[in-house]
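# Residue-level structure breakdown
Each chain is listed here by its residues.
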Amino acid sequence: MTLLIKNGRVIDPAAKQDMMADVLVQDGVIVKIMPDIQETADQQIDAGGCYVMPGFIDLHVHLRDPGFEHKETVVTGAAAAAHGGYTTIVAMPNTKPVVDHADVVNYVHNKAKSVTKVNILQAGAITKKMEGRQLADIEQMVQAGSPAISEDGKSVMNAFLLQEAMKLAKRLDIPVLSHCEDQNLVNGGVVNADENAKKSELPGITNSVENVIIIRDVQLAKETGARLHLCHCSTKESVEIVRMAKARGNRVSAEVCPHHFTLCSDDMPLGDTNYKMNPPLRTREDVEALRQGLKEDIIDVIATDHAPHAKEEKNDSMLRAPFGIVGLETAAALTYSELVLGGYLTVMQMAEKMSYHPARVLGIDKGSLQEGKTADIVIFDPEKTYTIDAAGFASKSRNTPFHGRQVTGAVRATIAGGEVIYQAR
């Protein structure tokens, strides 16, 4: 099976290559990149006017499978990923049952292999049942293919237990993906602690809820030598903490989600739970700090924290509705519209933060378009302007604050292992 991608602008962050070229794929592998390839192929795509980049990699996805299939499944989550240009995603472990042993890892991986070409990697929990009392069967999960551990949705509040997990992660050479939230400081908060929260009479979540745990986890990673990846950073202080940690030589990386670099708490319509997420939307000052952190490469990764919920669950009060929004199908357009067109990132940086750097965090051989590499590719149209319509999502859920927002930049095709798994009509 051969695939020929013609007339595209090839962006390869691994080689820092930006050139007009064709890409020839044979049996799932990139075999040639050069201008004007004159070879017959089984399938040909004209990528004229488009960027040809390594397939996006999302370090932070909730597939809800097993246990919450009314929100999302491996099948629908993979379809949403393909629509968004993602060829590899990391699923979080807060399912039912919790992914705290190898059997659940095997379930997700085996199901994924049978229904999709998207590479789905299942992260393991740090503690059993995510209760923060006893370490999960981390080594067995890694042997089953877990690329990382995470207690996503909460922090391991027992610092000694997290330290032990980091020591084990260091020995197994996997990263710790840390959701930074001091559970005692949350105190029932549902939105950012600012004037908007006071006007709405809603309990607020301060920046310190995130910052305190980031500082703790950075220090523990420094002492243990573990690779620490900070999930969905949302505060201005988090950028400075990461900056200082990197200057000290810590093995630390960090991600920001599109909703946190696009929206602030001033943008929230009163009572609209599609704007309720954790961490919450912060202030304009925080948003600008996150954008600058991305621009200066202090923040390494853009991830979605794709968190689907059923309509009836979100159709509740701000106090009771669950946190989270879907993001796989809007991330690329928001990144391009807000950061590239906004002058914060180059297209090369976009490819780095959405593909190359996530691959480096996981330690996997992806995020590159070099010859001999697996053909995980996204073709991205930088000229297409349109209005986001949640009704057209491939995801099972529609909980997004971006419905009706005009954006520029669209995924034209997604290719995983040399196979076209999504092509825009």
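A brief report on the enclosed structure follows. (Residues numbered from 1 in each chain as written. Predicted model: local features only at pLDDT ≥ 70, side-chain atom pairs only at ≥ 80, totals over all residues. Heavy atoms only, no water.)

### Comments concerning the side chain of Arg64
So the rule is basically this: Secondary structure is summarised from DSSP: a helix means a run of H or I of at least four residues, a strand means a run of E of at least two, and numbering begins at the N terminus for each. What qualifies as a polar contact is a pair of N or O atoms within 3.5 Å, subject to a donor-acceptor requirement within protein and to the restriction that residues adjacent in sequence count only when both atoms come from side chains. Contact criterion: two residues are considered in contact whenever any of their non-hydrogen atoms come within 4.5 Å of each other.
The topology assignment puts Arg64 in the loop between β6 (56-61) and α1 (74-83). At 3.0 Å, the side chain of Arg64 and the backbone oxygen of Pro308 are in polar contact. If we ignore the near neighbours within four places in the chain, the residues touching Arg64 are Glu69, Lys71, Glu72, Asn94, Thr95, Ala307, Pro308 and His309.

### Considerations on the nonpolar core
Nonpolar side chains in soluble globular proteins tend to end up buried together. Heads up, the condition is: Here, nonpolar core refers to any group of buried Ala, Val, Leu, Ile, Met, Phe, Trp, Tyr and Cys residues whose side-chain atoms link them within 4.5 Å. For every residue, the accessible area obtained with a 1.4 Å probe (protein chains only) is divided by the maximum for its type, and the residue is called buried under 20%, exposed over 50%, and partly exposed between those limits.
Within the largest apolar cluster, 76 residues are counted, with the highest numbers of intra-cluster contacts made by Met53, Ile89, Ile120, Ile138, Leu230 and Met350. Per-element tally for this core: the top contributor is helix α4 (residues 159-172), with seven residues. Discounting chain neighbours no more than four positions away, the residues touching Ile138 are Ala125, Ile126, Ile149, Ala165, Leu168, Leu172 and Ile174. Formed by 18 residues, the second largest nonpolar core is a distinct cluster that contains Ile30, Ile45, Val52 and Ala375.

### Regarding the packing of helix α8 (residues 236-247) against helix α10 (residues 284-295)
This is how the line gets drawn: To get an axis, fit a line to the C-alpha atoms, keeping to the stretch in contact for a helix; angles then go from 0 to 180 degrees between the N-to-C directions. Every angle not falling under 35 degrees, over 145, or within 65 to 115 is termed oblique; those three ranges are roughly parallel, roughly antiparallel and roughly perpendicular. Amino acid classes used here: Ala, Val, Leu, Ile, Met, Phe, Trp, Tyr, Cys and Pro are nonpolar; Asp, Glu, Lys and Arg are charged; the rest, including Gly, are polar.
Across the interface, α8 lies against α10 with an axial gap of 7 Å and an inter-helix angle of 30°. Accordingly, the angle class assigned to the pair α8 and α10 is roughly parallel. Of the residues in α10, those touching α8 at Lys236, Glu237, Ser238 and Val239 are Glu285, Asp286, Ala289, Leu290 and Gly293. Split into classes, the residues belonging to the contact of α8 with α10 amount to three nonpolar, two polar and four charged.

### Quick notes on the pattern of salt bridges
The cut-off we apply is this: Whenever Lys or Arg places a side-chain nitrogen within 4 Å of a carboxyl oxygen from Asp or Glu, that contact is recorded as a salt bridge.
Under the defined criterion, the tally for this structure stands at 27 salt bridges. Note that Lys6 and Asp22 form a salt bridge whose closest N and O atoms lie 2.7 Å from each other. Remark: Asp22 occurs in strand β2 (residues 17-26) and Lys6 occurs in strand β1 (residues 2-12); sequence separation between them is 16 residues. By relative accessible area, Asp22 is classed as buried at 3%.

### Observations regarding the pairing of strand β16 (residues 377-387)
Stated formally: Paired strands are those between which DSSP finds at least two bridges.
In this sheet, β16 lies alongside strand β5 (residues 51-54) in antiparallel orientation, the contact comprising four bridges. Its bridge partner being in β16, Met53 is matched across the sheet by Val378. As defined by bridge partners, β16 adjoins strand β17 (residues 406-416) across eight bridges and the pair is classed as antiparallel. Paired with Phe380 across the strands is Val411, a residue of β17.

### With respect to the environment of Ile302
Looking at where Ile302 falls in the secondary structure, it is placed in strand β15 (residues 301-302). You can call Ile302 buried: its relative accessible area is 0%. Linking Ile302 and Ala331, residues 29 residues apart in sequence, is a C-alpha distance of 8.5 Å. Setting aside residues no more than four positions away along its own chain, Ile302 makes contact with Val256, Pro258, Phe261, Leu294, Thr335, Leu339, Leu345, Lys353 and Met354.

### Thoughts on empty space enclosed by the protein
Applied cut-off: With a 1 Å grid spanning the protein atoms alone, the term cavity applies to any set of points in which a 1.4 Å probe fits but cannot get out, the term pocket to an open set with protein on both sides within 12 Å along at least five of seven lines, and the term lining residue to any residue with an atom within 4 Å of a point. Grid points are joined across faces, edges and corners, and a volume is the space filled by probe spheres set on the points.
Inspection of every chain in the model, using the stated rule, returns four cavities of 30 Å³ or more. If you add up the space inside the largest cavity, you get close to 50 Å³. Lining the largest cavity are Ile126, Glu151, Lys154, Ser155, Val156, Leu162, Val176, Leu177, Ser178, His179, Arg216 and Asp217. For the lining of the largest cavity, the secondary-structure elements that each account for two or more residues are β10 (175-178) and α7 (207-224). Ranked by residue count, the leading element in the lining of the largest cavity is β10, at three residues. Class assignment of the residues belonging to the lining of the largest cavity gives a composition of five nonpolar, three polar and four charged.

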